[in-house]
Amino acid sequence: GAVVSQHPSWVICKSGTSVKIECRSLDFQATTMFWYRQFPKQSLMLMATSNEGSKATYEQGVEKDKFLINHASLTLSTLTVTSAHPEDSSFYICSALRDSSYEQYFGPGTRLTVT
Amino acid sequence: AQSVTQLDSQVPVFEEAPVELRCNYSSSVSVYLFWYVQYPNQGLQLLLKYLSGSTLVKGINGFEAEFNKSQTSFHLRKPSVHISDTAEYFCAVSDRGGFQKLVFGTGTRLLVSP
């Protein structure tokens, strides 16, 4: 089956620092990856669409300078939370759209806590 | 634009009883429909999907869903639930073009008790 990994699974950082989260499709190519944010007991909110070799497309209300996305290869996308603040604490989930099908495969998520 | 409504935030049920989790959607274009399950502190796992063809879709773990275009619904059902089915269930929709952006419902917490 298709597997998507995220690293790290959880991270604690101090306010003002930056954190990078990696999303990898382990056994398939994904031209398109997505980044979601999930607050406790709530649904997933799409933050941005990451396209290999081009700039990410951000959803309305998402600060692109704060949430930097880089999709450097067909198997790797990264989300960098810059100058993190406590309100950025959340569960971040990525998904990869398999090039050969219309199906997204989700990573296990990254729990970010900003102190 | 699409939207998804899951009216039931929580559904309690006894083990081995049947269950139905409701999902209604709104869209001006043809869509794909999905059900995902999320266990605590984990990502989402696809249960089943409707792309085209038969309106009754069977998925993993004994779940099935029926696409009803006139009712704009895609309700999830299981004839007999297990304790291990306790989880959060999300209905999602995407349009048939573009980059397959998923729009999720607010989720339904299925609580199975002995």
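Bear in mind the structure is a predicted one, so any value in this text is a computation, not a measurement. (Residues numbered from 1 in each chain as written. Chains lettered and ligands numbered in written order. Predicted model: local features only at pLDDT ≥ 70, side-chain atom pairs only at ≥ 80, totals over all residues. Heavy atoms only, no water.)

Chemist: Help me understand the interface of chain A and chain B, please; the structure alone is not making it clear to me.
Modeler: A common measure of how large an interface is: the accessible area buried when the components associate. Contacts between chain A and chain B engage 21 residues on the former and 18 residues on the latter. A combined buried area of about 1,600 Å² lies between chain A and chain B, and 58% of that area is made up of carbon and sulfur atoms. Along the contact surface separating chain A from chain B lie one salt bridge. Residue E59 of chain A is joined to K101 of chain B by a salt bridge in which the shortest nitrogen-to-oxygen separation is 3.1 Å. (Contact = heavy atoms within 4.5 Å. Buried area = accessible area lost by both parts, 1.4 Å probe. Salt bridge = Lys/Arg side-chain N within 4 Å of Asp/Glu carboxyl O.)

Chemist: Help me understand the nonpolar core in this model?
Modeler: If you look at soluble globular proteins, the nonpolar side chains tend to sit buried side by side. Judged by nonpolar contacts, the single largest core of 27 residues is most densely connected at W35, L48, L76 and Y89 of chain B. By size, the runner-up hydrophobic cluster in this structure holds 25 residues, among which are V4, I21, A30 and V81 of chain A. (Core = buried A, V, L, I, M, F, W, Y, C linked by side-chain atoms within 4.5 Å. Buried < 20%, exposed > 50% of the residue type's maximum accessible area, 1.4 Å probe, protein only.)

Chemist: Is there a simple way to explain the packing of aromatic side chains in this structure?
Modeler: Two numbers describe a pair of aromatic rings. These are the distance of the centres and the angle of the planes. Within the structure shown, the criterion is met by 13 aromatic pairs over all chains. Between F106 of chain A and F104 of chain B the ring centres are 6.1 Å apart and the planes differ by 75°, which places this aromatic pair in the edge-to-face class. In this pair, F106 of chain A sits in strand β10 (residues 104–106) while F104 of chain B sits in strand β11 (residues 103–104), so the two residues belong to two different chains. Considered together, F106 of chain A and F104 of chain B belong to a single accessibility category, that of buried residues. Where Y50 of chain B meets F67 of chain B, the ring centres are 4.4 Å apart and the plane angle is 25°; that geometry is what we call stacked. In this pair, Y50 of chain B sits in strand β6 (residues 44–50) while F67 of chain B sits in strand β8 (residues 64–68), placing the two residues 17 residues apart along the sequence. (Phe/Tyr/Trp six-rings, centres within 6.5 Å; stacked < 30°, edge-to-face > 60°. Helix = DSSP H or I, 4+ residues; strand = E, 2+ residues; numbered from the N terminus.)

Chemist: How should I be thinking about the pattern of salt bridges in this particular structure?
Modeler: Under the defined criterion, the tally for this structure stands at nine salt bridges over all chains. The closest approach of N and O atoms between D88 of chain A and K66 of chain A, which form a salt bridge, is 2.9 Å. With a gap of 22 residues between them, D88 of chain A in the loop between β8 (76–81) and β9 (90–97) and K66 of chain A in the loop between β6 (57–58) and β7 (67–73) connect regions that are remote in the sequence. K66 of chain A carries the same exposure label as D88 of chain A, and that label is buried. A salt bridge links R77 of chain B to E64 of chain B, with the shortest nitrogen-to-oxygen separation between them at 3.8 Å. Here the residue R77 of chain B occupies a position in strand β9 (residues 73–78), and E64 of chain B occupies one in strand β8, the gap between them amounting to 13 residues. When salt bridges with common partners are traced through the structure, they connect E20, K58, E64, E66 and R77 of chain B into a single cluster.

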